[in-house]
Amino acid sequence: MNTQLFLAFIAVAVALACTPGVDWAYSIAAGLKERSFVPAVAGLCGGYVVHTVLMVAGLAALLTNMPGVLGWLTVAGAAYLIWLGVATLRSWRGASFNAGEAGGPGAGTTGAAPSPSNQFRIFLQGMGTSGINPKGLLFFIALVPQFVSPEAALPVPVQSGLLGLTFVLLVAVIYSCVALLARKLLQSRPGAARRVTLASGVIMLALGAVLLSEQLIPVLSAAVLRG
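Residues numbered from 1 in each chain as written. Predicted model: local features only at pLDDT ≥ 70, side-chain atom pairs only at ≥ 80, totals over all residues. Heavy atoms only, no water.

### Quick look at helix H6 (residues 116-131)
Step number 1: Taking 1.5 Å of rise per residue, the 16 residues of H6 would be expected to cover 22 Å, and the 21 Å separating its terminal C-alpha atoms lies within 8% of that figure.
Step number 2: Those residues of H6 not exposed but buried are Ile122, Gln125, Gly126, Gly128, Thr129 and Ser130. (Helix = DSSP H or I, 4+ residues; strand = E, 2+ residues; numbered from the N terminus. Expected span 1.5 Å × (residues − 1). Buried < 20%, exposed > 50% of the residue type's maximum accessible area, 1.4 Å probe, protein only.)

### Comments concerning the packing of aromatic side chains
Step number 1: Summed over all chains, the structure comprises five aromatic pairs.
Step number 2: Each ring, one from Tyr48 and one from Phe167, has its centre 5.2 Å from the other, and the planes form 90°; the classification is edge-to-face. One end of the pair, Tyr48, is in helix H3 (residues 38-57); the other, Phe167, is in helix H8 (residues 156-186), with 119 residues separating them in the sequence. With respect to class, Tyr48 is no different from Phe167; both count as buried.
Step number 3: Taking the centre distance of 5.8 Å and the plane angle of 85° together, the rings of Phe140 and Phe167 count as edge-to-face. Within this pair, whereas Phe140 is found in helix H7 (residues 134-143), its partner Phe167 is found in helix H8, the two being separated by 27 residues in sequence. (Phe/Tyr/Trp six-rings, centres within 6.5 Å; stacked < 30°, edge-to-face > 60°.)

### Regarding the nonpolar core
Step number 1: Core analysis: the largest hydrophobic core is formed by 36 residues, its most contacted members being Phe9 and Phe167.
Step number 2: At the level of secondary structure, the elements contributing two or more residues to this core comprise helix H1 (3-17), helix H2 (22-33), H3, helix H5 (67-90), H7 and H8.
Step number 3: Per-element accounting of this core gives the leading share, 10 residues, to H8.
Step number 4: Apart from the residues within four sequence positions on either side, Phe9 is in contact with Leu143, Val144, Phe147, Leu163, Thr166 and Phe167. (Core = buried A, V, L, I, M, F, W, Y, C linked by side-chain atoms within 4.5 Å. Contact = heavy atoms within 4.5 Å.)

### Focus on the side chain of Ser160
Step number 1: Considering the arrangement of structural elements, one finds Ser160 in helix H8.
Step number 2: Residue class for Ser160 comes out buried when judged on its relative accessible area of 9%.
Step number 3: Setting aside residues no more than four positions away along its own chain, Ser160 makes contact with Met55, Val56, Val144 and Val148.

None of the figures reported here should be taken as evidence of function without further support.
Structure, rendered in structure tokens:
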């Protein structure tokens, strides 16, 4: 793999991962509401692993050539984001916590440990947040090929997979830092914690509504014409 291209990819990937969006909103909400933010961040990374697998398998490019399927995926992703935003908004008043409840000092004596089923649910929600969003799929299609070198010793699919997994590693570190900083900075400020959680829910809800408004009418129109 071309070293210069790889370093350039890392710079671009870090810049994109550091741009606030739905992933940030979910990471912050998890950092404020949950005892451990690890399942949430792992779920977000799992969604990008799915994107990487699709890209390497060539399915991502195939989906972009099927606007009807991609449109329905966008509608599904928008509906999911709206549901997640509503769920976050409903729980924003519970974002106030102390260190013991949030996994800080004394966490071993205060608050019950989350059940495996609850951790798995949080993981799946995170995976859905990044994995079902078609814009994430298009991000891999538009960005990764620019940093793949056909002249390199490694095959193009292998290079693409390594770049995708590099992005997964970067977002794991960045989103963990986001969740941790949210917890450390806001755990002593219950009012601010509630406001940030409320803003996170609004971001998810607003983005879902925008995606839905952009895609639902064309998708329904195409379905009517085919009928």
